[in-house]
Every structure is written in structure tokens, then in C-alpha cells.
Amino acid sequence: MLIIIHSETNQHTIAQNLGRSEYSYYFVLKEYRPVLERLGRVVEVADPQREVDALYLECLSRGEPCVFLSFSPPHRTPVHLACPTLPVFAWEFSTIPNEAFAGEPRNDWRSVLHACGAAITHSSYTVNAVREAMDADYPIVAVPAPVWDRFAARGAQSQGQASPESFRLRIKGLVADSRALDLNAFGPKHLRSGKGIDFAAPVTEQELRLDGVVYTSVFNPGDGRKNWEDMLSAFCVSFREVDDATLVLKLTHHDAEEALGDILHHLYKNQSYRCRIVLIYGYLADADYEQLVQATRYVVNTSYGEGQCLPLMEFMSCGKPAVAPRTTAMIDYLSADNAFLIESTDELTAWPHDPRKAFRTLRYATNWASLCQAYEASYDVAKNHPARYAQMAAHAVSSLQGFCSQAVAEQRLQAFFAQLFERHTATVETPQA
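The protein is annotated in an unreviewed UniProt entry as Glycosyl transferases group 1 of Pseudomonas helmanticensis.

Right, dumping it as C-alpha cells:
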């Protein structure tokens, strides 16, 4: 079998596309690839319109099954190729787009899903949303990006080792530390004083030391789903008098000033607090990313919804319990055994690519008081209940193994492809009346 794959962002464009629309599909493609290579020959193409059907016709000539996986949302998935095409997409809203807008028929995802005949997504939540709009038996499978094996191996390396009191990371980029900044430089423009940050300065390598109870979140601050404002304000209030609680925000974006500017202003607004807030904008080599994971006691998510949330999955695969809401894709792998769960309520919102901003779907708003309670309870466990923390860490690893391991992905994809090709063969061989 030939499996053709494509993402609009690739290894050559990822640096300038960080934080832009759909950039994360490239990371999903990378995680899928080792599993796909167990199932068939894999060819990555740069131009689907020019390359896919040529490869498909070669396969037809020798009787080899062929499928094209477009790592993209349905409205950016080609629908006029001869080659069987499947969108591989993430989604985190209660309904899929079911009407055309902005002059693009593909914005009605039902038309794309009907044309493709099947699809791959990453959570049971999205499967249910698709089948509600299509048919109850529409061929769609939930296959999360299989990150568990790689990150569980990293976590296993540190198991049984005495945890150091502090961790040191080398970072090529910007580090903004609430304890080293004059926060008055980030207040309202007419009140600013003190030295700010020179975002135009040459990038340098810096050392960051982390200790105490460290909470970490990795996200794109330009992504309106992430709700980092609640994450930050609740942390400052919960640990206003606690000097060994640290929140690390590892920011993924293509522009430093755009990434940090609004968050720095929120650091100013949430004063005063004894806890520590650290913003990291820059590249972390694998060894330093592993140090960040090891230094972390809890991974944090306060988003309005997730298609799967790779950073949350990665940290939990390493044995880091979560502070997060059990909504959307997170329903599949969060529980009271591996996380301090945050309550949430649903509210009307728009599909993110709809320029009309018309209310057509729901997202899930964090209960701020519940978030504060989750912070406080998690801190107490980290400080005073090591046996419970160890148990939660073990549950995190085992839960994510059942959710996003390569073995799970391979099994689901193999069965799904077999059903697709069986159905396709039956359709082709059915005699015409």
C-alpha cells in the first residue's frame, strides 16, 4: 500500500509558520509517520494537485492500494483528486461547520466529508460531532498523534533517580522572569516607567534555573482558544503569598513582541504576588526540553477546547499529572486519577475560520474559582502527599499509553484502512445493472 501524506506547513516552512493558522498539523504528520511506515510505503508530497494523482495512477497500473492523507481541516482539503483522499484533522467545538460562507463551498464541511467518503480525527468528541452532522455510521476513526512512546521513554529515564532540588536549562531566545523584571515597564502606556525588553536585540543563549513546585504550559499565545488569561490570574491569586510556586509559559510563536507583549501587561495587572512567572520564547534543544519536563510537577491547560493538545499529552506521557478541564478531546484521557479537574460551562461561540463570527457552536469556559481550587489542591499534594502524587503520575503514564501510543494508532489505522479498501473494492467490483 502507498500512503501519500501532505501538510501545508513542512520542515522547510515550520520556523516562519509557528503560531500561524494550522501550523500544528505538521507536528501531527511527524508523529503519524513512523506508524504509517509500518503499514505501507509513505511518500510526502509538497504539491498535492500536481503529485498525488500521478502517484495514484502508477499504483493503479500495478494493482497497489493507494490513499492520500491530507493533514488539514476539511475546508483546506482537496476534493477533486482521483486518488482516495482522507482529511486528518483536529476539532474542538460542539458542531462542525454545516453551511457554506465566504464564497467557499468547502466551508460546509459536510460537502468535503461526503466527497471524501471517510476521515480521520483525534478524539471521540470529534467523531461524535461529525456523525451528528453526517450519518451515525459515517466512516471516521479517532487516532490521536502517537506521542506516548517517545515521551514515556523520556520519563522512564528519570524514574528511580533522585530528583535534584533545582534544574538548569539553556535557552536560545528570550526569558522574561517576573522576579527579574521591572513590571512597571509593562503597565498602561501613559504610566510606564523603568526598563522594558528590547525585542530587537540579537538572540542570545541564557540559563534558566527552576526549583520549587513548577507548573508548565506550552501554547501559542495568539491562539484564542488557550485562555491563558485565566491560567495566569488564578495562579497569581492562588499563590499570592507562596514563593516556591512557579508557572512556566513556554510560548510557541513567530514574533517575540507579539507573543510576550500582552502577557507581560497581564503580569503587571496581576501584581502583587510572591509566586514566580517565567515566560520562555525561544528554542529548547531536546535535552533542555527534557529538563523542563523533569522540572515540571504539573502540566496546565485552561483552554476553551482542544482537538487533542499535544503538549498536555507529551507531559502526561512523561508522568506529569495535569491541571485541566475534562472537555472536548481531553475527555478521552483525563480523569480524577491523573489530573486535578477544572469545572467548566458551555457558551456560544463562532467557528474560528468564519469571518462572520456568527454564533453556530459551543466552547467551554473555565470556572475560575474551580481553577484556583485545583491549583491549591495540586500544590498541597506536591508538597505534602508524595505517595498520592506518585500514584497520579503512574496513572498519567498508563492512561496516555491507552490513548496515544504507537501500538494503539497502528491497530486503529490498520483496521480502518482495511475497511476502506474492502468497501472500495466491493464498490468497484459490483456489476452495473
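Peer 1: Describe the overall build of the protein, with residues and values.
Peer 2: Looking only at helices and strands, the protein features 13 helices and 16 strands. Its C-alpha radius of gyration of 23 Å places the protein within 12% of the 22 Å reference for a compact globule of 433 residues. Across its three principal directions, the C-alpha atoms of the protein cover 80 × 50 × 40 Å. Long-range contacts, defined here as pairs at least 24 residues apart, represent 72% of the contacts in the protein between residues at least 6 apart. When the accessible surface of the protein is split by element, carbon and sulfur atoms take 49% of a total near 19200 Å². The averaged location of the 51 negative side-chain charges in the protein is 3 Å from the averaged location of its 39 positive side-chain charges.

Peer 1: An account of the pairing of strand β9 (residues 213–219) is needed here, citing residue identities and associated values.
Peer 2: The buried fraction of β9 amounts to seven of the seven residues, a majority that puts the element mostly inside the structure. Here β9 shows no split at all, with Val213, Tyr215, Ser217 and Phe219 on one side and Val214, Thr216 and Val218 on the other all buried. Of the strand pairs in this sheet, β9 and strand β10 (residues 245–251) are connected by seven bridges, and their pairing is parallel. Bridge assignment links valine 214 to a residue of β10, and that residue is threonine 246. With helix α7 (residues 228–238) bridging β9 and the parallel β10, this β-α-β connection has right-handed handedness. Two strands pair when backbone bridges link them, and β9 and strand β12 (residues 298–300) are joined in this way by two bridges, in the parallel orientation. Residue threonine 216 lies in a different strand from β12, and its bridge partner there is valine 299.

Peer 1: Go over the sheet that holds strand β14 (residues 339–342), please, and point to the residues and values.
Peer 2: Taken in spatial order, the eight strands line up as β8-β7-β11-β10-β9-β12-β13-β14 in an open sheet, and their pairing is mixed. Among the strands making up the open sheet, the edge pair consists of β8 (205–211) and β14. Averaged over all pairs of adjacent strands, the angle between their axes in this sheet comes to 35 degrees, without regard to strand direction. The strands touched by helix α8 (residues 256–269) are β7 (166–177), β10 and β11 (276–283); relative to β11, the strand with the most contacts, the crossing angle is about 180 degrees.

Peer 1: Now, about the pattern of salt bridges: what can you tell me, with residues and values included?
Peer 2: Taken as a whole and judged by the stated rule, the model has 26 salt bridges. The partner of arginine 168 in a salt bridge is glutamate 207, with the nearest N and O atoms 3.0 Å apart. With a gap of 39 residues between them, arginine 168 in strand β7 and glutamate 207 in strand β8 connect regions that are remote in the sequence. Arginine 168 sits in the partly exposed class, given a relative accessible area of 46%. The salt bridge partner of glutamate 347 is arginine 363, with a shortest N-O separation of 2.7 Å. Taken as a pair, glutamate 347 in strand β15 (residues 344–349) and arginine 363 in strand β16 (residues 361–366) lie far apart in primary sequence, 16 residues in all. A relative accessible area of 28% means that glutamate 347 is categorised as partly exposed. Look at the salt bridges and you will find they share partners, linking Glu99, Asp354, Arg356 and Arg360 into a network.

Peer 1: Account for the sheet that holds strand β3 (residues 66–70), with residues named and values stated.
Peer 2: Taking strand neighbours across the sheet as the criterion, the four strands line up as β2-β1-β3-β4 in an open arrangement whose pairing is parallel. If you trace the sheet from one side to the other, it starts and ends with β2 (41–44) and β4 (85–87), each paired once. Pairwise comparison of adjacent strand axes, ignoring direction, gives a mean angle of 25 degrees for this sheet.

Peer 1: Run through helix α12 (residues 386–404), naming residues and quoting values.
Peer 2: For α12, with 19 residues, the first-to-last C-alpha span of 27 Å sits near the 27 Å given by 1.5 Å per residue. Those residues of α12 lying buried are Tyr389, Met392, Ala393, Ala396, Leu400, Phe403 and Cys404. One face of α12 carries all of its buried residues, which in axial projection span an arc of 100 degrees.

Peer 1: Tell me about the packing of α7 against α8, and please be specific about residues and values.
Peer 2: One can describe the packing of α7 onto α8 by two numbers: an axis separation of 10 Å at closest approach and a directional angle of 25 degrees. Of the possible angle classes, the one that applies to α7 and α8 is roughly parallel. Between α7 and α8 lies a crossing whose hand is right-handed. Residues Trp228, Glu229 and Leu232 of α7 form the contact with α8, whose participating residues are Asp262, Ile263, His266 and Leu267. Of the residues assigned to the contact of α7 with α8, the class counts are four nonpolar, one polar and two charged.

Peer 1: Can you lay out helix α3 (residues 48–61) for me, pointing to particular residues and giving the numbers?
Peer 2: An α-helix turns once per 3.6 residues; consequently, residues spaced three or four apart project the same way. With 14 residues, α3 should cover 20 Å at 1.5 Å per step; its first-to-last C-alpha distance of 20 Å lies within 8% of that length. Buried residues in α3 make contact with β1 (2–6), β2 and β3. Following α3 by one or two positions, glycine 63 adopts a phi angle in the positive range, close to 70 degrees.

Quick notes on the rules
Starting afresh in each chain, residues are numbered from 1 along the sequence in its written order. Local features in this predicted model are restricted to residues of pLDDT 70 or higher, and side-chain atom pairs are both shown and tallied only at a pLDDT of 80 or more, whereas totals for entire chains, interfaces and linings draw on every residue. The basis for the side-chain values is all heavy atoms of the structure; hydrogens and waters are excluded. Per the convention used, a helix needs a DSSP run of H or I reaching at least four residues, while a strand needs a run of E reaching at least two, with both numbered from the N terminus. With C-alpha atoms as the basis for the radius of gyration, the globule rule is written as 2.2 Å multiplied by the number of residues raised to the power 0.38. In this analysis, two residues are considered to be in contact whenever any of their non-hydrogen atoms come within 4.5 Å of each other. Here the Shrake-Rupley method, with its probe set to 1.4 Å, supplies the accessible areas, and only the displayed protein chains count as covering residues. Note on charges: Lys and Arg go in the positive column, Asp and Glu in the negative column, and His and the chain ends are not counted at all. Where a charge sits is defined by one atom per residue type, namely NZ (Lys), CZ (Arg), CG (Asp) or CD (Glu). Relative accessible area decides the class of each residue, using a 1.4 Å probe on protein chains only: under 20% of the type maximum gives buried, over 50% gives exposed, and in between gives partly exposed. What makes two strands pair is DSSP finding at least two bridges between them. When the strands point away from the viewer, a crossover counts as right-handed if the route from the first strand across the helix to the second turns clockwise. Fitting a line to C-alpha atoms yields each axis, with helices limited to the stretch in contact; the angle taken between N-to-C directions then spans 0 to 180 degrees. What makes a salt bridge here is a side-chain nitrogen of Lys or Arg within 4 Å of a carboxyl oxygen of Asp or Glu, nothing more. What a helix should span is 1.5 Å times the count of its residues minus one. Taken from the helix axis, the directions to the C-beta atoms give the arc we talk about. Under this scheme an angle from 65 to 115 degrees is roughly perpendicular, one under 35 degrees roughly parallel, and one over 145 degrees roughly antiparallel; angles in between are oblique. For a crossing to be left-handed, the near helix must be turned anticlockwise from the far one by less than a right angle; the clockwise case is right-handed. We call Asp, Glu, Lys and Arg charged. Ala, Val, Leu, Ile, Met, Phe, Trp, Tyr, Cys and Pro are nonpolar, and the rest, Gly among them, are polar.

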